[in-house]
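Coordinates in review
Listed here are the chains, written in short residue letters.
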Amino acid sequence: MNRSDNEVAVITGGSAGLGLALATSLIDKGWSVVTDARDADRLHAALPGSARVTTLSGDVRDLDHQDAIAAAVARHGRLDLLVHNASELGPMLPLAEVPESLFSRVLETNLLAPLTLTQRLLPYLIASRGTLIGISSDAAVEHYPTWGTYAASKAALDHLILTLGEENGIRAYAVDPGDMRTAMHQDAFPGEDISDRPLPESVVPHLLALLAGDEPTGRYRATDLAPTGATR
Ligand SMILES: NC(=O)c1ccc[n+]([C@@H]2O[C@H](COP(=O)([O-])OP(=O)(O)OC[C@H]3O[C@@H](n4cnc5c(N)ncnc54)[C@H](OP(=O)(O)O)[C@@H]3O)[C@@H](O)[C@H]2O)c1
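These numbers were taken from a predicted model, which means no experiment stands behind them.

1. Topic: the pairing of strand E2 (residues 32-37)
E2 sits mainly inside the fold: six of its six residues count as buried. The two faces of E2 match: Ser-32, Val-34 and Asp-36 on one face and Val-33, Thr-35 and Ala-37 on the other face are all buried. Pairing of strand E1 (residues 8-11) with E2, which is carried by four bridges, proceeds in the parallel orientation. Within E2, the position partnered with Val-10 by the bridge is Val-34. Two strands pair when backbone bridges link them, and E2 and strand E3 (residues 53-57) are joined in this way by five bridges, in the parallel orientation. Bridge assignment links Ala-37 to a residue of E3, and that residue is Ser-57.

2. What about the site of the ligand?
Around the ligand sit 31 residues in total, of which Ser-15, Arg-38, Asn-85, Tyr-150 and Thr-182 are the nearest. The contact in question runs from an oxygen atom of the ligand to an N or O atom on the backbone of Ala-16, over 3.4 Å. Val-60 places a main-chain nitrogen or oxygen 2.9 Å from a nitrogen atom of the ligand. Contributing elements (two or more residues each) for the shell around the ligand: helix H1 (17-28), E2, helix H5 (148-168) and helix H6 (183-188). Per element, the largest residue contribution to the shell around the ligand is three residues, and it comes from H6. Residues belonging to the shell around the ligand are distributed by class as follows: eleven nonpolar, 13 polar and seven charged.

Criteria and cut-off values
- Residues numbered from 1 in each chain as written.
- Predicted model: local features only at pLDDT ≥ 70, side-chain atom pairs only at ≥ 80, totals over all residues.
- Heavy atoms only, no water.
- Buried < 20%, exposed > 50% of the residue type's maximum accessible area, 1.4 Å probe, protein only.
- Helix = DSSP H or I, 4+ residues; strand = E, 2+ residues; numbered from the N terminus.
- Pairing = 2+ DSSP bridges.
- Near = heavy atom within 4 Å.
- Polar contact = N/O pair within 3.5 Å; in protein donor to acceptor, adjacent residues only side chain to side chain.
- Nonpolar A, V, L, I, M, F, W, Y, C, P; charged D, E, K, R; others polar.

As structure tokens, this is what we get:
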């Protein structure tokens, strides 16, 4: 079934990669999208603003910036989908060598910001019986050497998202998108040819399937979800 034209999504990190692919798809389907990124020029070039597209440049860790996102949602008066996608890879170092400042910074971006932004937006999400998604990683459940900082943040993000779902009676999903050909993936594998990795656009139909379906709150791998182009 088609969703109405006035549904509203917040997607963090919408200027590139998976965030941009998902934002573009939802906009094409008639959704209004509020999104952000730190590099204002890249953000506004990727998604020109319109009545249905709000692009807010800023760091998702910044509470004033989060207030601006909440104000944009308030102008719409509803929120049907919140996707915590913006993320930092952090230092690719054995945990024994990770500087505390870099560990803290990754947790601020990947864990604390999703909490404080969700706190600001929860009333809208609950009122719309909306969906909360945290973009996770296989690193959240595996134990790859040198990935520990990012992995710990994603494991904790999974817990945060799923607990928020249970506490608030909203559908909440931690989604492992799988490897994608993006800047973050290239940063994780410097100098490696990543042209065999799928484009982030290929993950979007799996996310749309989750949005359209009735799966219970939980952790999912995108590739385990039958893809669809439809939204409910
Ligand atoms: N790529 C993979 O293989 C892979 C695998 C598993 C999971 N993931 C997850 O998938 C999600 C998307 O990753 P991706 O590969 O698409 O990343 P990407 O291509 O590097 O894009 C990241 C986006 O987030 C924005 N961003 C980063 N830090 C931000 C911050 N502090 N505040 C606001 N915006 C910020 C970036 O813009 P600015 O830099 O301008 O801020 C950009 O728009 C992430 O959660 C990642 O952990 C990726």
